[in-house]
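The lines below spell out each chain.
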Amino acid sequence: MARGGRGRPLGLAMGLLLALVLAPPGLRAKPTVRKERVVRPDSELGERPPEDNQSFQYDHEAFLGKEDSKTFDQLTSEESKERLGKIVDRIDSDGDGFVTTEELKTWIKRVQKRYIYDNVAKVWKDYDRDKDDKISWEEYKQATYGYYLGNPTEFHDTSDHHTFKKMLPRDERRFKAADLDGDQTATREEFTAFLHPEEFEHMKEIVVLETLEDIDKNGDGLVDQDEYIADMFSHEENGPEPDWVLSEREQFNEFRDLNKDGKLDKDEIRHWILPQDYDHAQAEARHLVYESDKNKDEKLTKEEILDNWNMFVGSQATNYGEDLTKNHDEL
């Protein structure tokens, strides 16, 4: 069985993953990765249970970004604190010696945006084959599905054939939605919308539709409770469901199924995965302030942040076993 962390479980766009694995070198392109279905708060901040060091990983990635959080995990405690002090100076945008919730939220949003655009920059050259600083649908299709399209007999009698056949038109539909001027080529901004549709308002309907298609196994255009649960949990030999699955069933009945017909339609799925009343960066900023604000004045001094440094950043002492994949001299 598998379950994601906060919010929905993580999954891969399987057709693109298979394209990466099966295509010969030189034709391989990096797969797009499906993000969590939705980011939701675990509980009210004041009711959050005490956390141990390992549970700080979420905070580290929100505060630093995934790549830089790995870098900090390789540092000594002293080095981590020194770098954190420099970051605090940058977050305190008005230079008054305090970090407010609003300043933290602005920083976290900046980190999130940087991660998205860095991700696009990393894969850009894999798709922009003619180096014209645009990516056409044909370039993307050949980079991702070229081996499958050129060797269809290898896939004809396999389940991979069905997967590729499904994913190709789905990617084309998403590409067209991201291609705002309709010229069948994507600028960097349009390609960013293609790879990260959840970050762009005009792509939200694609996110809802793809989520529905992923979870709706019987093809009735709706998501029933069993399909909802199966998306995050697989039974092993018909064993008992863990408590968290029972809790998710209650969530489905009480909060997801708004019209109480036993199924989720598009509007209910949109309400679930794109909640209008929840700001991830705001919630994380409030959490960090709440956990570090010793004098309860609703803002943080550098001293308060450094006293609780291991919530904001990691070090060798709080390493989660991840390999160092990138080293930044300075954030």
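Residue positions are given per chain, counting from 1 as you read along its sequence in written order. Local features in a predicted model are, by the rule used here, given only for residues with pLDDT of at least 70; side-chain atom pairs are given and counted only at 80 or more, and totals for whole chains, interfaces and linings are based on all residues. Only hydrogens and water are removed before side-chain values are computed, so all heavy atoms of the structure are retained for them.

Thoughts on the side chain of Lys141
Phase 1: Secondary structure elements are defined from DSSP: runs of H or I of at least 4 residues count as helices, runs of E of at least 2 residues count as strands, and each element is numbered from the N terminus. Structurally, the position occupied by Lys141 is in helix H6 (residues 137–150).
Phase 2: Buried means the residue's accessible area, taken with a 1.4 Å probe over protein chains only, is under 20% of the maximum for its type, while exposed means over 50%, and partly exposed covers the values in between. Given a relative accessible area of 18%, Lys141 falls into the buried group.
Phase 3: Here a residue-residue contact requires only that any non-hydrogen atoms of the pair lie within 4.5 Å. Setting aside anything within four residues of it in sequence, one finds Lys141 in contact with Gly146, Leu149 and Leu168.

Overview of the pattern of salt bridges
Phase 1: Salt bridges, as used here, are contacts in which a Lys or Arg side-chain nitrogen is within 4 Å of a carboxyl oxygen on Asp or Glu. For the structure on display, the rule yields 20 salt bridges.
Phase 2: Close ionic contact of Arg114 with Asp68 constitutes a salt bridge, the shortest N to O distance being 2.8 Å. Remark: Asp68 occurs in helix H3 (residues 66–72) and Arg114 occurs in helix H5 (residues 101–127); sequence separation between them is 46 residues.
Phase 3: In this structure, Lys109 and Asp279 form a salt bridge, with 3.6 Å as the shortest nitrogen-oxygen distance. With a gap of 170 residues between them, Lys109 in helix H5 and Asp279 in the loop between helix H12 (266–273) and helix H13 (280–292) connect regions that are remote in the sequence.
Phase 4: Relative accessible area serves as the criterion here: at 28%, Asp279 is assigned to the partly exposed category.
Phase 5: When salt bridges that share partners are traced, they join Arg170, Arg173, Arg174, Glu210, Glu213 and Asp214 into one network.

Some points on the UniProt feature "domain: EF-hand" (unreviewed entry) in the protein chain
Phase 1: UniProt positions are given in the numbering used here, feature names are shortened, and annotations may be inferred rather than shown by experiment. Here the UniProt-annotated "domain: EF-hand" (unreviewed entry) positions come out as residues 79–114, 115–150, 166–201 and 203–238.
Phase 2: Overall, residues 166–201 shows 58% helix and 6% strand. The separation of its end C-alpha atoms is 25 Å.

Things to note about the packing of aromatic side chains
Think of a pair of aromatic rings as described by two things: how far the centres are apart, and how the planes are tilted against each other in angle.
Phase 1: Side-chain rings of Phe, Tyr and Trp, where Trp is taken by its six-membered ring, are said to pair if the distance between their centres is within 6.5 Å; with planes under 30 degrees apart they count as stacked, over 60 as edge-to-face, and otherwise as tilted. Counting across every chain of the model gives 16 aromatic pairs.
Phase 2: Centre to centre, the rings of Tyr228 and Phe252 are 5.2 Å apart; their planes meet at 55°, and the pair counts as tilted. Separated by 24 residues along the polypeptide, Tyr228 in helix H10 (residues 225–230) and Phe252 in helix H11 (residues 243–256) bring together distant segments of the chain. Here the two residues Tyr228 and Phe252 agree in accessibility, since each one is buried.
Phase 3: Between Phe233 and Trp244, the ring centres sit 5.9 Å apart and the planes meet at 90°, which makes this aromatic pair edge-to-face.

What about the side chain of Asp128?
Phase 1: For Asp128, the position within the fold is in the loop between H5 and strand E4 (135–136).
Phase 2: Salt bridges are absent for the buried Asp128, whose nearest opposite-charge side chain, Lys131, sits at 5.9 Å.
Phase 3: At a separation of 3.0 Å, a polar atom in the side chain of Asp128 contacts the main-chain amide nitrogen of Asp133.
Phase 4: Other than its neighbours up to four places away in sequence, Asp128 contacts Asp133, Lys134, Ile135 and Glu139. A positive count includes Lys and Arg, and a negative count includes Asp and Glu. His and the chain ends are not counted in either. N or O atoms within 3.5 Å of each other form a polar contact, as long as, within protein, one can give a hydrogen and the other can take it, and as long as residues adjacent in sequence are counted only when both atoms are side-chain atoms.

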